[in-house]
Each structure stands twice: as C-alpha cells, then as structure tokens.
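# A structural walkthrough
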Amino acid sequence: MSLRLPPPANFSDDDDTRSDSASCESDDHDQNWDDWASDSSIKVPCLSLFEEKLLPSAEEALAYDQSTHDFDLNATCSRLSLDFHGRIRLINYIRKTKPSSSDLSRLDGSEAFFTSDEYLLPALEDDPLLQVQSDDWSDSEEEDTKTTDPARRIQMLERQLALAKQNFVDYRALVSKQMNVPSLLEAPSEPGPSQTAPPARDDDTHYFKSYGENDIHAVMIQDKVRTSTYAHFILTNPMLFRDAVVLDVGCGTGILSLFAARSGAKRVIAVDASDIAEKAERIVKANGFEDIITVIRGKVEEITLPDDIKEVDIIVSEWMGYALLYESMLDSVLHARDRFLRSGGVMAPSQCKMKLGLCDASEVYKDRIGFWDDVYGFDLSAMAEDLYGEAIVDVVGPNTVLSNPYTIKDLLLSEITPRQLDFSSSFTLISTVERRTKINAFILYFDTFFTYAGNPVSPSTEVKVVKEGDVVLAEIWPAGGKRAPQRRKSQLVEGLLGGLVVTASPDFYLAPTVTLRPAEPPYQPYQEPWLSLASCLFCKIIKGDIPSFKLIETELSFAFLDIGPLSRGHALVIPKYHAEKMHQLPDEYLADALPIAKKIAIAQGVENYNILQNNGRIAHQEVDHVHFHVIPKPSSSDEEGLVIGWPSKPMDKADLQKISEEIKGKL
C-alpha cells in the first residue's frame, strides 16, 4: 500500500469556500508542501550516505557523496525512474547495508529491496535525505506518466506492471488461504461461462520457496554425518581442489562452496534458485571469500557462467533426498554436468548405490499395524489395511536385517542420464538366518561414495557400519501423495543401521534414511574433523589469536618454541592445514615441514636431538593437529631432553617376513 501527499490546491483570492482562518493569513506566510520540505530538511545537518561525516545540510551531503564517493543520488533515482517510495527504499538500503558506489552503479531497479517494506522504515531517525525531493519525480501520478522521455516512461510503466502483477498474485494467494478456495473448487457446482480451472501449483516455485527457510538449512548443517563427510572429502583432497573451478549446485547457505574455497579452489560458482541465495552472498562476504566465490541466483538449467569461465573442473552438490531421488534435484545436477563440466571433471559425490534387504521389523509392525487389532477391546484392524501401501521411514537395528543387501540401482554420477532415473529393478533376496523366520518387511537404504577421480568404487569396497554413539540421518516421508514434512535432525541410537521399513505386499513404496559415507582408504570417517577448526589450539596460534615465539613461517608451515620445553630450544613445527593425524595430511605439507625441522636442528647447534611426531591419544598425542617436535638432547642424563623407554620384543624371521609382505601389499 502506498500513500501519496499531493501538493496543496491553488486557491484563488476570491474563493468563497476558503476558511476564515486561511483568509486571515498573510500572503507572506502562505506555504505549500515544497516550501515545508525545503525548510525542514535542507537546513538540517545531514550524514553522508557512506561514512559517519556530518554535513551542514542535505544538499551538501549529496554533493559530498558525489565528489568523494562518486555517487549521485539524484542521477541514480533518475536513471532507475524511482518514485517517492523507491527513493526512500534506496536511501535506507544504502544506510543499512553499506554497499560501495560501484555496487550501486550496477543496480537496475529489479532488486528485491525496491519492493520490500523493510526499507520504508528509516535507517536513520529524522533522516533529512528522506525529506528532500528529487527534481525528477513529482507528487502527482499524472505528472509521472507525462514524462517526456519515452524510454524512461516505458521502463517506469513496465516496472509498475510487474509490481501490479506480483501484488495480484500475492492477493490471490491470500484470498485462497483465507477462504479455503481449493476446497470450494472441489465442491460440486454448475459450470458457468466464467468458470476456469484452478491454476496448477508450480512445484518448482513451491520447492525452492521451502528451501528459503532457515530451519531446513540449520538441520542439514547440524547433521554431522552429512556435513563432515563433505568437509572431509573436500578438505583432505587439496590437490584435487587447488586452483580448480568448482560449481556448487543448490548451494543453500554456501557451506560446500566455503569448504572448496578453503581447500584452494581458484573460483567457486554457487547456484541456488531460492531466497537463501541472498544470505549465501552475505555469508561469502562475511568470511572473506567474495573474490573466489560468486553466488548466482537462478535455476541451473537457465543460468550462464561468468564471462571468464567456460567450464568447471568439479561439481559438488548435496542433492540426495527422500528415497534418494524423491526431490528430483539430481536432474538439475546432471544438467549442470552436461552443460558445464569439462571432460574428465569430477562429480562429488561420485556414486550412490540403492540397497534392498529383508527385514524383521516386528516392532514396527506391532506399533503400526498390530496396534489396531485390539484398541480398548475393539477390533479396529480396518484402520491398518491402507498402511500396506505406505512407506514408513524408521530406524531399525542391524540384527533385524535378515539378508545380504541387493543393489537395485547403481548410480555412477559421471555417466548416468536423466532418462535412467525412471527405472524398475528385479531383485533376489536370500535369507541369511538359519532359523525359520517370518519376513514382514523390506528395508531400503543407500550408500554415497566420494572418489578422487570420480571412478566407480570397487564392488568389494566396504562402507562404515554405524556404531553406538555415531550419527545417522532419519527422515520421515509419508507416501501416497501426502506432503513431506521438514527434515529433522539425526538421532543417536545404539547399533543403528539406517533404512526404510515397508510392510510387505505386492505393491509397495520405498524410501531410505540417508547415510553418507566416504569410500576410499586411508580416509575413514571420524568425529567432526573440520567443523572444530576455530577451537584448535594450533590453528589459533597460526592465525595469531594466541601469541607465540615464532621461529619460521612459510606458506605451508609454522614453527615456534614449546612453552613447556623438555630442553632448551625445544621447538614445534606445525602445518597450516588442520589434520589430526599424519596420514590425513597432504604430501606437500609433509614435504615442507621436515626441511624446517632440519633448519631448526642446525640452528640449535646441538649434535644430538629427537624429531618426534605422535598420532593418537594412546600414542601420546595431546593436541589434535599434526605437529613435529624438535627436541635437543644436550646430555645423556634423563634430566633434560626426551626420555624414552624402549620395551623391545624378540621376533623370529618368519613373523618378520609375514609382516613385511602384509605391509608391502598395501603400499
């Protein structure tokens, strides 16, 4: 709703309808709106739009911004054909968000804030600039439409038409909600000449709008399995991501893009069609990656890459949904692959396998179906009849799985086509239990794999079995056309094997819990490796948050004196890459650390010293960040330097030969 204040009417001196109070006023004191606005704003001190500088008047503030910051407010309003409210929104937007003048020069009038009521509220109390009229807009709508510039008039009318259309859509949605129009349309009625079919729901718009909400992103990020698996793959493969161009499809908050940028990506293009893209852009800027990450709002099927990028090296996306394919986002990911991924590029994740098995879901059966057999002494079993056609997403123990899993669909992301996502699959399941057992359910789950080259994993590759205390993702999905609820957090349950339970019948639906697992050794999932960087003592020392006695710093390493030394000159060499154990550290960081340790040992001028590196608590590692000790041993006494007990054990040559062969076979 907009409110216009028209200029006061021009009354003639002989107007008989003029009030007595007006007729007795002197002409010298006769003022209209323009005079009041001029007197009340131009003569009042005014802050610059871009800094905390107070100017004597609004006019001087505008002149200062034009000369100092190369921004002309009136010219911008004229270029964008802004009306009174558009000008107010622009001023408040600048004061609230502090954009640069170059950012403002790229405005085209279609930005969301030009239609947001949030920016009608003053960012600065009694802002004089809000009371100054531009020469290019009038209080009269009639004068606005009589502009002499045809191009500006067309632009203005197009914008007014778009706004009117949007207002109509919003109004129709409000009326539909308040009057329950869908139910009224379903009621029988006589067809009339003016009746039209109700518009079909735009599923894309509905889907993207649901991902504009905060809660769903909070739940996804807080899923430690989901987020730390992606973080683990991206951050433990810097050789893959360094100097790469990465496309993040359905970026959401931009968390995967941030991981990619931190892992050394040269450019990251983050794409999302929902409102969350605006927040993602602010998140990128807040974390200092705006020179690396470019956020594009739009459908990946419709967007174009920046002019300087023709193709990408890696595509990352968290596309897995209900029943793996229920959200249908994989179509978009494959479209992005075919349009933008270079030959030989990598998809992350690279592969998913949908697994089906037999399940003794007796507890689920009892709770969902058997419950209706006796309700306060009455037989309500008719209520259970329809449940045989519904999917139930639940968590069951590993002891309930009564067969080896059968892969009903193997999706290799580098090769699969959208047409292949519509499939049927025959399967054979053989019970693995020895006793006679009634099978009343199927279980469906899927495994997700990340590989360095995007190649298919070996069929013998084992995934991590969820243990007590681990996290799994349990999602509830009512089947049969019912609305899917918001995702909920993963649960901590003893001995979980994530999966779906579906009561057995000739026709059934399948939907999984989602359990993400990395594929290749030596990298095994472990507890939240990359989400706790801010709490790492050594990371804080590298950043300078904690002071240290620095000895050497290179691009990859940092060396400083130990504050609890075993001997004089005891030093630590740490990589600038957060890894808990040495086998998780990229080779180039190892290659940089040892020459630094050598230099420190030489500088200490001692003949005897120890280079010590521990991995794991029982191996005496105290800080969960790879580090090398350089410990001088000035004398043979146990009072200074490293003291080691060496409980050696005898071993025959046959055992040594066996161990040697085992290790060589894995190198």
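No experiment lies behind these values; they were computed from the predicted model shown.

### Thoughts on the nonpolar core
In this structure, Phe241, Val246, Leu247, Ile293, Ile315, Trp319 and Val573 are the most contacted members of the largest nonpolar core, which totals 82 residues. Here this core takes six residues from helix H19 (residues 587–604), the largest share from any one element. By size, the runner-up hydrophobic cluster in this structure holds 26 residues, among which are Phe50, Ile94, Leu104 and Phe114.

### Some thoughts on the UniProt feature "active site" (unreviewed entry) in the protein
Mapped onto the present numbering, the UniProt feature "active site" (unreviewed entry) falls at His627. Secondary-structure assignment places His627 in the loop between strand E17 (609–612) and strand E18 (628–632). When residues no more than four places from it in sequence are discounted, the contact partners of His627 are Phe538, Leu572, Val573, Ile574, Leu612, Gln613 and Gln621. Among the polar contacts made by the side chain of His627, one reaches the main-chain carbonyl oxygen of His625 at a distance of 2.7 Å.

### Re unusual backbone geometry
Cis geometry marks the peptide bond from Ala348 to Pro349, where omega comes out at 5°. Inspection of the secondary structure assignment puts Pro349 in the loop between strand E7 (341–348) and strand E8 (351–359). Backbone geometry places Lys98, a non-glycine residue, at a positive phi of 55°. Among the secondary structure elements, Lys98 is positioned in the loop between helix H5 (84–97) and helix H6 (101–105). Among the residues examined, Lys98 registers a relative accessible area of 46% and is labelled partly exposed.

### With respect to the sheet that holds E7
If you walk across this open sheet you meet the five strands as E5-E4-E3-E6-E7, and the pairing is parallel. Strand pairing shows two members of the sheet lacking a second neighbour, strand E5 (293–297) and E7, which therefore form its edges. For this sheet the average axis-to-axis angle between neighbouring strands, irrespective of direction, equals 20°. As defined by bridge partners, strand E6 (residues 312–316) adjoins E7 across four bridges and the pair is classed as parallel. Bridging from a neighbouring strand, Val312 pairs with Leu341 of E7. Along the sheet, helix H15 (residues 276–286) makes contact with strand E4 (267–272) and E5, crossing E5 at roughly 165°. Each of strand E3 (245–249), E6 and E7 touches helix H16 (residues 330–340); the most contacted strand, E7, lies at about 155° to it.

### Describing the packing of aromatic side chains
As enumerated under the stated definition, the model contains 13 aromatic pairs in all. Relative to Phe241, the ring of Phe233 lies with its centre 6.2 Å away and its plane at 80°, an arrangement referred to as edge-to-face. Side by side, Phe233 and Phe241 carry an identical accessibility label, which is buried. Centroid distance Phe558 to Phe560: 5.9 Å. Interplanar angle 55°. Geometry classified as tilted. When its relative accessible area of 4% is taken as the criterion, Phe558 is described as buried. A relative accessible area of 5% means that Phe560 is categorised as buried. Every member of this aromatic cluster is reached through a ring pair, and the members are Tyr93, Phe113, Phe114 and Tyr119. In this structure, Lys409 packs its charged tip against the face of Phe423, placed 4.8 Å from the ring centre.

### A word on the sheet that holds strand E14 (residues 550–553)
If you trace the five strands from one edge of the open sheet to the other, you get E14-E15-E16-E18-E17, paired in antiparallel fashion. Across the chains shown, the open sheet's two edge strands, defined by having one partner strand only, are E14 and E17. In this sheet, neighbouring strand axes are inclined to one another by 15° on average, regardless of whether the strands run parallel or antiparallel. Pairing geometry for strand E15 (residues 557–561) and strand E16 (residues 571–575), over five bridges, is antiparallel.

Here is what the cut-offs are and how they apply
Residues numbered from 1 in each chain as written. Predicted model: local features only at pLDDT ≥ 70, side-chain atom pairs only at ≥ 80, totals over all residues. Heavy atoms only, no water. Core = buried A, V, L, I, M, F, W, Y, C linked by side-chain atoms within 4.5 Å. Buried < 20%, exposed > 50% of the residue type's maximum accessible area, 1.4 Å probe, protein only. Helix = DSSP H or I, 4+ residues; strand = E, 2+ residues; numbered from the N terminus. UniProt positions renumbered as here; feature names shortened; annotations may be inferred. Contact = heavy atoms within 4.5 Å. Polar contact = N/O pair within 3.5 Å; in protein donor to acceptor, adjacent residues only side chain to side chain. Pairing = 2+ DSSP bridges. Axes fitted to C-alpha atoms, helices over the stretch in contact; angles between N-to-C directions. Phe/Tyr/Trp six-rings, centres within 6.5 Å; stacked < 30°, edge-to-face > 60°. Lys NZ or Arg CZ within 6 Å of the ring centre and 35° of its normal.

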